[in-house]
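# Descriptive structure summary
Read off the chains here:
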Amino acid sequence: MLEAGGVIGLPTETVYGLGADAMSSSAVRKIFAIKGRPADHPLIVHVADISTARALSRTWPTTAEDLASAFWPGPLTIIVERGPNVLDEVTGGRETVAIRIPRHAMALRLLQQFGRPVAAPSANRFGRVSPTTADHVRADLGSDVDVVLDGGPCDVGLESTIVDCSVDPPQILRPGSISSEQITEVVGRLESASGPSRAPGMLESHYAPDCTIVPIDVSDSIPSDVDRVLDGRSDPTRFAHDLYTLLRDCDRQSLRRVAVLLPDDVGVGRAVRDRVFKAAALRRH
Ligand code: AMP
Ligand code: MG
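Residues numbered from 1 in each chain as written. Chains lettered and ligands numbered in written order. Predicted model: local features only at pLDDT ≥ 70, side-chain atom pairs only at ≥ 80, totals over all residues. Heavy atoms only, no water.

## Thoughts on the packing of aromatic side chains
Centre distance and the angle of the planes are the two values used to describe a pair of aromatic rings. Scanning the entire structure with this criterion turns up one aromatic pair. Aromatic side chains W60 and W72 sit 6.1 Å apart centroid to centroid with 40 degrees between the ring planes, which places their arrangement in the tilted category. Of this pair, W60 sits in the loop between α2 (50-55) and α3 (62-71) while W72 sits in the loop between α3 and β4 (76-81), and the two are twelve residues apart along the sequence. W60 sits in the buried class, given a relative accessible area of 17%. The class for W72 is buried, based on a relative accessible area of 9%. (Phe/Tyr/Trp six-rings, centres within 6.5 Å; stacked < 30°, edge-to-face > 60°. Helix = DSSP H or I, 4+ residues; strand = E, 2+ residues; numbered from the N terminus. Buried < 20%, exposed > 50% of the residue type's maximum accessible area, 1.4 Å probe, protein only.)

Structure representation (structure tokens):
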């Protein structure tokens, strides 16, 4: 399927991806067409081993090597300067490329058997909630995707942490289950993100359900007019795992207003807060 330039739904430990041969322009363009994703939003390239990652990059800094040894396979995406073999379609015309080795056994087997890098964004329509089960992918993309591999519910349930190693010190462009504390431990110094994000797609509303999300911090009280309260505070890791399924449930039940008790801004809690704020950012009605 991938060899023939097809597009498949594939499980990873973060969310389900919509994968295609990263070295084929026509295959990669299909991903953008199916998702309705703007062409300047780059894709993450999934590889089976570190040597393939190095081969896609112009330089492979020590920070990238150290992070890859510490966290790959796993939910960490590393951005480095792109090599000459990386397609413009994959990087959205940028001089950098985002790479990761996923931890999911089925994804790893697929990458090893295919023997080439696979470009894969999340397998949802642009701007909508990411899929964490094969059923979510089928519900979102239907017959637009040739095959959906069912690898069960995603372990983590949130998109990967993105670290930009093309700058020194490295910078976290998107929080994920691998925390800034864990990354700082490996690279020593980390620039805290300030100013406009250099990761396209990070600023506007994203991960948006139809219902209105009302984030509730520890000091806030819960408004009386909400239809449901989701508890992200007591167990942030478990909540990260369940979040996108819960948001989909709320939409299926046509709930209008849903309060989310926010976890503390540490560890995976930071990523949960990020996604909840993004889900809350856009009011469709
Ligand atoms: P998704 O796979 O849907 O989680 O989206 C991948 C995200 O990775 C994009 O929206 C970008 O924010 C980020 N990304 C991928 N490649 C790059 C890059 N070269 N530079 C900065 N951000 C990137
Ligand atoms: Mg996405």
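Once the structure has been displayed, the description carries forward.
## Observations regarding the sheet that holds strand β8 (residues 161-164)
In spatial order, the strands read β7-β1-β2-β6-β3-β5-β4-β8-β9; together these nine strands make up an open sheet with mixed pairing. The open sheet has two edge strands, β7 (147-148) and β9 (171-174), and neither has a second partner. Across two bridges, strand β1 (residues 8-10) lies against β7 in parallel orientation. Within β7, the position partnered with I8 by the bridge is V147. (Pairing = 2+ DSSP bridges.)

## A closer look at the pattern of salt bridges
One pass over the structure, following the stated rule, counts 19 salt bridges. The closest approach of N and O atoms between D144 and R125, which form a salt bridge, is 3.1 Å. Of the two residues, D144 is situated in the loop between α6 (134-141) and β7 and R125 in the loop between β6 (118-119) and α6; the sequence distance between them amounts to 19 residues. Accessibility expressed as a relative area gives 38% for D144, which makes it partly exposed. (Salt bridge = Lys/Arg side-chain N within 4 Å of Asp/Glu carboxyl O.)

## Brief notes about the sheet that holds strand β11 (residues 228-231)
Pairing is parallel across the open sheet formed by three strands, whose spatial order is β10-β12-β11. Of all the strands in the sheet, just β10 (212-216) and β11 have a single pairing partner and so form its edges. For this sheet, the mean inter-axis angle between neighbouring strands, taken without regard to orientation, is 25 degrees. Where β10 meets strand β12 (residues 257-261), five bridges bridge the pair, whose relative direction is parallel. Across the sheet, residue I216 finds its bridge partner in β12, namely L261. Across the face of the sheet, helix α8 (residues 236-252) comes into contact with β10, β11 and β12 while running at roughly 165 degrees to β11. Together, β10 and β12 form the strand contacts of helix α9 (residues 268-281), whose direction differs from that of β10 by roughly 140 degrees. (Axes fitted to C-alpha atoms, helices over the stretch in contact; angles between N-to-C directions. Contact = heavy atoms within 4.5 Å.)

## A look at the side chain of S180
Within the fold, S180 resides in helix α7 (residues 180-187). Judged by its relative accessible area of 18%, S180 falls in the buried class. Among the polar contacts made by the side chain of S180, one reaches the side chain of R270 at a distance of 2.7 Å. Not counting residues up to four positions away in its chain, the partners in contact with S180 are I172, L190 and R270. (Polar contact = N/O pair within 3.5 Å; in protein donor to acceptor, adjacent residues only side chain to side chain.)

## Some remarks on the nonpolar core
Soluble globular proteins tend to pack their nonpolar side chains together in the buried interior. If you look at the biggest cluster of nonpolar residues, it comprises 46 residues, and the most contacted ones within it are L67, W72, L76, I78 and I183. Elements with a contribution of two residues or more to this core: β2 (17-21), α1 (25-35), α2, α3, β4, β5 (96-100), α6 and α7. Among the elements that take part in this core, α1 stands out by supplying five residues, more than any other. Apart from the residues within four sequence positions on either side, L76 is in contact with L67, F71, I99, R100, S160, T161, V163, I178 and I183. Core analysis: the next-biggest nonpolar cluster, separate from the first, contains 25 residues, V156, L158, Y244 and C250 among them. (Core = buried A, V, L, I, M, F, W, Y, C linked by side-chain atoms within 4.5 Å.)

## Brief notes about the pairing of β12
Of all five residues in β12, four are buried, a share of seventy percent or more. Sheet topology places β11 next to β12; four bridges connect them, and they run parallel. Bridge assignment links L230 to a residue of β12, and that residue is V260. Where the polypeptide runs from β11 across α8 and back to β12, its parallel neighbour, the crossover connection is right-handed. (Right-handed = clockwise from strand over helix to strand, strands pointing away.)

## Observations concerning α8
An ideal rise of 1.5 Å per residue puts 24 Å on 17 residues; α8 measures up with 23 Å between its terminal C-alpha atoms. D242 marks the point of greatest bend in α8, at about 50 degrees. Turning to α8, its buried residues number three or more, namely F239, A240, L243, Y244, L246, L247, R248, D249 and C250. In this structure, the buried side of α8 is in contact with α6, β10, β11, β12 and α9. A positive phi of about 55 degrees marks S254, the residue just after α8. (Expected span 1.5 Å × (residues − 1). Bend = angle between axes of the 7 residues up to and from the residue.)

## Re the environment of C165
Structurally, C165 can be placed in the loop between β8 and β9. Classification of C165 as buried rests on a relative accessible area of 4%. What C165 contacts, discounting residues up to four positions off in sequence, is P61, T63, A64, L67, I78, I79, V80 and P170.

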